[in-house]
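Residue-level structure breakdown
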Amino acid sequence: MADQLPTEFDVVIIGTGLPESILAAACSRSGQRVLHLDSRSYYGGNWASFSFSGLLSWLKEYQQNSAIAEESTASWQGLIHETEEAVTLRKKDETIQHTEVFCYASQDVDDGVDEMEALQKSPSSATSSTTPDPLHSACLPEETHSLHAASYETPAKDTPKSGGEVSLEVTDVEDTLAKEECCGDESHIPAVSDGDEDGKKPVEKDRTDQPKRKKITYSQIVKESRRFNIDLVSKLLYSQGLLIDLLIKSNVSRYAEFKNVTRILAFREGKVEQVPCSRADVFNSRELTMVEKRILMKFLTFCLDYEQHPDQYQAFVQCSFSEYLQTKKLTPNLQHFVLHSIAMTESSCSTIDGLKATKNFLRCLGRFGNTPFLFPLYGQGEIPQCFCRMCAVFGGIYCLRHKVQCLVVDKDSGKCKAIIDHLGQRINAKYFIVEDSYLSEETCSNVQYKQISRAVLITDQSILKADSDQQISILVVPPVESGTCAVRVTELCSSTMTCMKDTYLVHLACSSSKTAREDLESVVKKLFTPYSETEVDQEECTKPRLLWALYFNMRDSSGISRSSYEGLPSNVYVCSGPDCALGSEHAVKQAETLFQEMFPNEEFCPPPPNPEDIIFDGDDKQPEAPGANNIIMAKVDSSEGSKNLESPEKQLQN
């Protein structure tokens, strides 16, 4: 691309995290001229996904923590007029701290492993750095996306026009596994499957018949690096949540595929067990007595419309949810299930918050599967990219590895007029959206940040064995000591396209009280055992073996009020990074709120236009029909291109 960008835009967005990407799509969709920049070489910021080798490169940059040379300010200071002032931006990312890496798998001598060996031998800490290495998982091949998107443009049933059940592509676990094995090492997006998790399992039978676990070495992990898509955040999508609704409403869902989370697990008395979710699961459960089943169903039925029965909870509004559960005749077993596996809240949360969380869980059941949650194939890093793609479709301009040196603020009005990039180019706009990590220390001097403790593990077996080895599970491990937080564990199988065959990718997350390793290591020891070659030939192992582990702390900038930032111009809006919650509701709410502040008369991410209403701005421009909702989508230079774009309509009419 050319070094020089256009100099006039309506909206300039700095950072490609989820809220910024949603805003970019919404602004571009409403007809605004959008410039979307990121100093990193990949999309997503702290919402990104990496291949294994890409993650090692990302870690290496943080561990080196090399001082970034101060750039000369003369190149941009001359562009600031007397009536203007500059607000400088941060030169390096400082949102990740205390990274520690441990490799437990045997490290066979291999040419491809030598360069990373130093990184794996000893744990190390780092503060922060930018990540210049391009990553496979952050930029999927264009051919892959094109094939998948094409399957959505032809059938009419994929974009319902009215009241019926919305369409979202949710692929069955077994189908994906079969496709993956048939295709070998070739990168492939599986076809649509209407089946449920409880269908035929021919592949699993072959795997469960194996008496011994397959030995996984570090060199194999590096060799299969592109099979991994490792998220920096640990999140799932609620099937009735704001993000799913936005994906469907805006038709951005056509750029992604999703899988059902197959199991909700509980950790009680040192054991992992499955939690019944649906009515059928409750009555089929062997963990509950018949009396417990009836009590649980009665309580869950109440939670679905608890607002209609205020007399049953008003007296306990000031109590914790844990104390409230004790008054509902729930056994300790049921109290544990409701608190940690259904509401998924802390013991100290209020009664109202606990009832809201329980209701949200229950209302999400059954929409796409037997649990309330979905997970995107190839990881959470796909979601920001999907919205970026929508922005680009409607004319947004993207530049990665493009640093912004400062914001140019008019002294009289107090509004930001322009940015100056690392090339010394001045770019003007009406509105500016900046991700929190780009703001300088001076701007954030009064901000008090929280921290998230994260761990990423590669294991050789699921934390709870089942007939199928292709399970996607979520588990909340309650705190042992008072004052500490529960730890959320998400386990992903290879059919999610996030790890290699015969391994599992496990994410742990909680609010930080210490370093990530100090917060999470005790839970890791409860659930896993470090890999040891002496145990490879043992047929009976009670815990999965831990092959590789990464711990790090991530800044949580959610919940920061605008007034906390020092000297922020009125037309500059700040987006926060990932929060510690399981869903992405905060990011969607923030994006919609900021969009409505900028464009109060515009609809936020409206549904895509009807193909019959689209006209093309070309030489053969047809007259506009009175009252028609015509939208200019693209310029077509040849009749052949026009025919190709019209072909889906003709197929629908046939």
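Structure report, in brief. (Residues numbered from 1 in each chain as written. Predicted model: local features only at pLDDT ≥ 70, side-chain atom pairs only at ≥ 80, totals over all residues. Heavy atoms only, no water.)

Bringing the sheet that holds strand β4 (residues 84–88) into the picture now. Across the sheet, which stays open at both edges, the four strands sit in the order β4-β14-β15-β16 with antiparallel pairing between neighbours. The open sheet has two free edges, formed respectively by β4 and β16 (426–428), since each of these has just one partner strand. The mean angle between the axes of side-by-side strands here comes to 30°, regardless of whether they run parallel or antiparallel. Where strand β15 (residues 416–421) lies against β16, three bridges are found, and the strand directions are antiparallel. Residue pairing across strands places A418 opposite N428, the latter belonging to β16. (Pairing = 2+ DSSP bridges. Helix = DSSP H or I, 4+ residues; strand = E, 2+ residues; numbered from the N terminus. Axes fitted to C-alpha atoms, helices over the stretch in contact; angles between N-to-C directions.)

This next bit is on the side chain of E84. On the secondary structure map, E84 appears in strand β4. Polar contacts involving the side chain of E84 include one to the main-chain amide nitrogen of H81, which spans 3.0 Å. If we skip the residues at most four places from it in the chain, E84 touches L79, V408, V409, K411, K417 and R426. (Polar contact = N/O pair within 3.5 Å; in protein donor to acceptor, adjacent residues only side chain to side chain. Contact = heavy atoms within 4.5 Å.)

It is worth spelling out the sheet that holds strand β13 (residues 397–400) at this point. Ordered in space as β13-β2-β1-β17-β24, the five strands form an open sheet in which the pairing is parallel. Of all the strands in the sheet, just β13 and β24 (572–575) have a single pairing partner and so form its edges. Adjacent strand axes in the sheet meet at a mean angle of 15°, parallel and antiparallel pairs treated alike. Of the pairings in the sheet, the one linking strand β17 (residues 431–435) to β24 comprises four bridges and is parallel in character. The residue of β24 that forms the bridge with E435 is C575. Contacts between helix α1 (residues 18–29) and the sheet are confined to β1 (11–14), β2 (34–38), β13, β17 and β24, with β2 contributing the most and set at about 160° to the helix. Taken strand by strand, helix α15 (residues 382–393) contacts β2 and β13, and its axis lies near 130° from that of β13.

This paragraph deals with unusual backbone geometry. Of note in this structure, H98 is not a glycine but carries a positive phi near 55°. Structurally, the position occupied by H98 is in strand β5 (residues 96–103). Of note in this structure, M344 is not a glycine but carries a positive phi near 50°. Inspection of the secondary structure assignment puts M344 in the loop between α13 (332–342) and α14 (351–363).

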